[in-house]
Amino acid sequence: MGRFLAGVAVLSVVLAGSIGHAQMKVANLDDYRKAMQAIGGAVGGANKALQGGMMADAKKALAAAKPNLMGVEAFFTARSKPELVAMAKTAIEKVDALDKALGGTDSAAAMAAFKEVGATCQACHAKARDQDPNTKAYSFKPGIL
Ligand code: HEC
(Lines give C-alpha, C1' and ligand atoms only; values in the text may rest on other atoms or scores of the structure.)
Protein backbone atom coordinates (compact mmCIF):
# COMPACT_ATOMS: atom_id res chain seq x y z
CA MET A 1 0.00 0.00 0.00
CA GLY A 2 2.78 2.41 0.93
CA ARG A 3 4.51 1.67 -2.34
CA PHE A 4 1.27 2.18 -4.24
CA LEU A 5 0.73 5.56 -2.56
CA ALA A 6 4.31 6.56 -3.31
CA GLY A 7 3.66 5.68 -6.95
CA VAL A 8 0.54 7.82 -6.99
CA ALA A 9 2.45 10.71 -5.43
CA VAL A 10 5.18 10.47 -8.07
CA LEU A 11 2.59 10.30 -10.82
CA SER A 12 0.75 13.37 -9.55
CA VAL A 13 4.01 15.32 -9.34
CA VAL A 14 4.78 14.34 -12.95
CA LEU A 15 1.28 15.40 -14.02
CA ALA A 16 1.50 18.66 -12.08
CA GLY A 17 4.84 19.27 -13.80
CA SER A 18 3.34 18.90 -17.24
CA ILE A 19 0.25 20.94 -16.35
CA GLY A 20 2.66 23.59 -15.10
CA HIS A 21 3.40 24.65 -18.67
CA ALA A 22 -0.17 25.02 -19.88
CA GLN A 23 -2.03 28.26 -19.48
CA MET A 24 -5.12 28.17 -17.27
CA LYS A 25 -8.33 29.44 -18.83
CA VAL A 26 -9.54 32.58 -17.06
CA ALA A 27 -12.73 33.61 -18.85
CA ASN A 28 -14.83 35.26 -16.13
CA LEU A 29 -14.68 36.72 -12.62
CA ASP A 30 -15.24 33.35 -11.04
CA ASP A 31 -12.29 31.86 -12.96
CA TYR A 32 -10.29 34.94 -12.04
CA ARG A 33 -10.88 34.48 -8.32
CA LYS A 34 -9.97 30.79 -8.56
CA ALA A 35 -6.79 31.68 -10.45
CA MET A 36 -5.79 34.21 -7.76
CA GLN A 37 -6.54 31.68 -5.03
CA ALA A 38 -4.35 29.13 -6.81
CA ILE A 39 -1.58 31.72 -7.20
CA GLY A 40 -1.91 32.64 -3.52
CA GLY A 41 -1.71 28.98 -2.52
CA ALA A 42 1.31 28.35 -4.74
CA VAL A 43 3.23 31.39 -3.55
CA GLY A 44 2.25 30.80 0.08
CA GLY A 45 3.35 27.17 -0.13
CA ALA A 46 6.61 28.16 -1.77
CA ASN A 47 7.28 30.71 0.96
CA LYS A 48 6.67 28.17 3.71
CA ALA A 49 9.00 25.62 2.14
CA LEU A 50 11.63 28.25 1.44
CA GLN A 51 11.53 29.49 5.06
CA GLY A 52 12.08 25.87 6.09
CA GLY A 53 15.11 25.68 3.77
CA MET A 54 13.43 23.22 1.38
CA MET A 55 14.23 24.70 -2.01
CA ALA A 56 13.03 21.74 -4.10
CA ASP A 57 9.70 21.64 -2.25
CA ALA A 58 9.32 25.38 -2.74
CA LYS A 59 9.90 24.94 -6.47
CA LYS A 60 7.20 22.27 -6.60
CA ALA A 61 4.75 24.40 -4.63
CA LEU A 62 5.36 27.36 -6.95
CA ALA A 63 4.51 25.39 -10.11
CA ALA A 64 0.83 26.41 -10.19
CA ALA A 65 1.62 30.14 -10.10
CA LYS A 66 2.81 30.62 -13.68
CA PRO A 67 -0.01 28.93 -15.63
CA ASN A 68 -2.57 30.83 -13.55
CA LEU A 69 -0.75 34.15 -14.02
CA MET A 70 -0.67 33.45 -17.77
CA GLY A 71 -4.44 32.99 -17.63
CA VAL A 72 -4.73 36.30 -15.76
CA GLU A 73 -2.60 38.01 -18.40
CA ALA A 74 -4.87 36.64 -21.14
CA PHE A 75 -7.93 37.81 -19.17
CA PHE A 76 -6.65 41.41 -19.23
CA THR A 77 -5.49 41.14 -22.84
CA ALA A 78 -9.03 40.11 -23.82
CA ARG A 79 -10.38 43.18 -21.99
CA SER A 80 -7.80 45.57 -23.50
CA LYS A 81 -6.18 46.57 -20.19
CA PRO A 82 -2.54 47.13 -21.23
CA GLU A 83 -1.40 48.37 -17.82
CA LEU A 84 -2.72 45.26 -16.07
CA VAL A 85 -1.34 43.03 -18.85
CA ALA A 86 2.08 44.58 -18.20
CA MET A 87 1.77 43.98 -14.45
CA ALA A 88 0.79 40.36 -15.02
CA LYS A 89 3.77 39.95 -17.38
CA THR A 90 6.15 41.36 -14.78
CA ALA A 91 4.72 38.98 -12.18
CA ILE A 92 5.34 36.06 -14.57
CA GLU A 93 8.94 37.19 -15.16
CA LYS A 94 9.58 37.40 -11.42
CA VAL A 95 7.99 33.98 -10.85
CA ASP A 96 10.28 32.58 -13.59
CA ALA A 97 13.31 34.14 -11.87
CA LEU A 98 12.22 32.69 -8.52
CA ASP A 99 11.66 29.28 -10.09
CA LYS A 100 15.19 29.40 -11.48
CA ALA A 101 16.67 30.48 -8.14
CA LEU A 102 14.83 27.64 -6.39
CA GLY A 103 16.53 25.20 -8.75
CA GLY A 104 19.90 26.27 -7.32
CA THR A 105 21.37 26.11 -3.83
CA ASP A 106 21.58 29.80 -2.90
CA SER A 107 18.68 30.29 -0.49
CA ALA A 108 19.49 33.97 0.09
CA ALA A 109 19.17 34.56 -3.67
CA ALA A 110 15.89 32.63 -3.66
CA MET A 111 14.56 34.74 -0.80
CA ALA A 112 15.50 37.92 -2.64
CA ALA A 113 13.73 36.60 -5.75
CA PHE A 114 10.72 35.76 -3.58
CA LYS A 115 10.52 39.35 -2.31
CA GLU A 116 10.46 40.60 -5.89
CA VAL A 117 7.53 38.31 -6.68
CA GLY A 118 5.68 39.65 -3.64
CA ALA A 119 6.25 43.22 -4.77
CA THR A 120 4.62 42.51 -8.15
CA CYS A 121 1.57 40.97 -6.43
CA GLN A 122 1.27 43.99 -4.15
CA ALA A 123 1.66 46.51 -6.96
CA CYS A 124 -1.31 45.11 -8.84
CA HIS A 125 -3.40 44.62 -5.71
CA ALA A 126 -2.80 48.26 -4.74
CA LYS A 127 -4.01 49.32 -8.15
CA ALA A 128 -6.84 46.90 -8.89
CA ARG A 129 -7.99 45.03 -5.78
CA ASP A 130 -10.65 46.02 -3.29
CA GLN A 131 -11.57 44.34 -0.03
CA ASP A 132 -14.95 44.55 1.63
CA PRO A 133 -14.31 45.83 5.19
CA ASN A 134 -17.06 43.64 6.62
CA THR A 135 -16.95 40.37 4.72
CA LYS A 136 -13.20 40.69 3.89
CA ALA A 137 -14.07 39.42 0.39
CA TYR A 138 -11.85 40.63 -2.45
CA SER A 139 -13.08 42.14 -5.69
CA PHE A 140 -11.97 44.47 -8.46
CA LYS A 141 -11.87 48.16 -7.63
CA PRO A 142 -14.71 50.06 -9.30
CA GLY A 143 -13.80 51.22 -12.80
CA ILE A 144 -10.90 48.79 -13.25
CA LEU A 145 -12.67 46.39 -15.62
C1 HEC B 1 -2.40 42.09 -12.80
C2 HEC B 1 -2.94 42.24 -11.48
C3 HEC B 1 -2.66 41.24 -10.40
C4 HEC B 1 -1.47 40.57 -10.14
C5 HEC B 1 -0.14 40.68 -10.86
C6 HEC B 1 -1.73 39.73 -8.99
N7 HEC B 1 -3.01 39.88 -8.56
FE8 HEC B 1 -3.91 38.85 -7.04
N9 HEC B 1 -5.66 39.82 -7.39
C10 HEC B 1 -5.87 40.81 -8.35
C11 HEC B 1 -7.22 41.31 -8.25
C12 HEC B 1 -7.84 42.40 -9.12
C13 HEC B 1 -7.84 40.59 -7.21
C14 HEC B 1 -9.30 40.75 -6.70
C15 HEC B 1 -10.26 39.90 -7.50
C16 HEC B 1 -10.70 38.64 -6.82
O17 HEC B 1 -10.21 38.29 -5.72
O18 HEC B 1 -11.56 37.96 -7.37
C19 HEC B 1 -6.83 39.66 -6.69
C20 HEC B 1 -7.04 38.77 -5.66
C21 HEC B 1 -6.08 37.96 -5.09
C22 HEC B 1 -6.31 37.04 -4.00
C23 HEC B 1 -7.66 36.86 -3.27
C24 HEC B 1 -8.51 35.85 -4.05
C25 HEC B 1 -9.90 35.75 -3.49
O26 HEC B 1 -10.80 36.46 -3.96
O27 HEC B 1 -10.10 34.94 -2.57
C28 HEC B 1 -5.13 36.40 -3.73
C29 HEC B 1 -4.87 35.34 -2.68
C30 HEC B 1 -4.15 36.92 -4.67
N31 HEC B 1 -4.77 37.86 -5.49
C32 HEC B 1 -2.82 36.53 -4.71
C33 HEC B 1 -1.87 37.04 -5.61
C34 HEC B 1 -0.46 36.74 -5.57
C35 HEC B 1 0.23 35.83 -4.56
C36 HEC B 1 0.11 37.40 -6.63
C37 HEC B 1 1.56 37.45 -7.06
C38 HEC B 1 2.22 36.25 -7.40
C39 HEC B 1 -0.96 38.13 -7.30
N40 HEC B 1 -2.13 37.90 -6.65
C41 HEC B 1 -0.75 38.91 -8.41
C42 HEC B 1 -4.93 41.27 -9.26
C43 HEC B 1 -3.62 40.80 -9.38
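Details of the structure are given in the entry above.
Below: a short report on this structure.

Scoring rules and cut-offs
- The residue numbering used here restarts from 1 in each chain and proceeds along that chain's sequence as written.
- Totals for whole chains, interfaces and linings use all residues, but because this is a predicted model, local features are given only for residues with pLDDT of at least 70 and pairs of side-chain atoms are given and counted only at 80 or more.
- Secondary structure follows DSSP: runs of H or I at least 4 residues long count as helices, runs of E at least 2 residues long count as strands, and numbering of each begins at the N terminus.
- Put plainly, a residue is buried at 20 or more neighbouring C-beta atoms within 10 Å of its own, exposed at 12 or fewer, and partly exposed in between, counting only other residues' C-beta atoms, which are placed from the backbone.
- In this description, a residue-residue contact is defined by the distance between C-beta atoms placed from the backbone, which must lie within 7 Å.
- As a rule, any residue with its backbone-derived C-beta atom within 6 Å of a molecule or strand is reported as near that molecule or strand.

## Quick look at the overall build of the protein chain
Stage number 1. When helices and strands are counted, the protein chain shows six helices and two strands.
Stage number 2. Counting helices and strands in the order they occur from the N terminus, the protein chain gives α-α-α-α-α-α-β-β.
Stage number 3. Within the span of the protein chain, comprising 145 residues, buried residues form 27% of the whole.
Stage number 4. Here the analysis covers contacts within the protein chain between residues at least 6 apart in sequence; of these, 53% occur between residues at least 24 apart.

## Concerning the site of the ligand
Stage number 1. Neighbouring the ligand are 23 residues, the closest being Met36, Gly40, Cys121, Cys124 and Tyr138.
Stage number 2. When contributions to the shell around the ligand are tallied by element, the ones reaching two or more residues are α2 (29–51), α4 (65–78), α5 (82–102), α6 (107–128) and β2 (138–140).
Stage number 3. Here the element with the most residues in the shell around the ligand is α2; it accounts for seven residues.

## A closer look at the environment of Ala113
Stage number 1. One can find Ala113 in helix α6.
Stage number 2. Residue Ala113 is classed as buried on the basis of its C-beta count, with 20 C-beta atoms lying within 10 Å.
Stage number 3. As a C-alpha pair, Ala113 and Lys94 span 19 residues in sequence and 7.1 Å in three-dimensional space.
Stage number 4. Ignoring anything within four residues of it in the chain, the contact list for Ala113 reads Ala97, Leu98 and Ala101.

## Observations regarding unusual backbone geometry
Stage number 1. Residues other than glycine seldom take positive phi values, yet Ser80 does so here, at roughly 50°.
Stage number 2. For Ser80, the location among the structural elements is in the loop between α4 and α5.
Stage number 3. Positioned with a positive phi, Lys136 is a non-glycine residue whose angle comes to about 70°.
Stage number 4. In this fold, Lys136 is placed in the loop between β1 (129–131) and β2.
Stage number 5. Taking the C-beta count within 10 Å as the criterion, Lys136 has 7 such neighbours and is therefore assigned exposed.

## Quick look at the environment of Met36
Stage number 1. Here Met36 is to be found in helix α2.
Stage number 2. Taking the C-alpha atoms as reference, Met36 lies 8.8 Å from Ala65; in sequence the two are 29 residues apart.

## Some thoughts on the environment of Asp130
Stage number 1. Mapped onto the elements, Asp130 comes out in strand β1.
Stage number 2. For Asp130 and Pro142, which are 12 residues apart along the polypeptide, the C-alpha to C-alpha distance reads 8.3 Å.
Stage number 3. Dropping the residues within four chain positions of it, Asp130 is found in contact with Tyr138, Ser139, Phe140 and Lys141.

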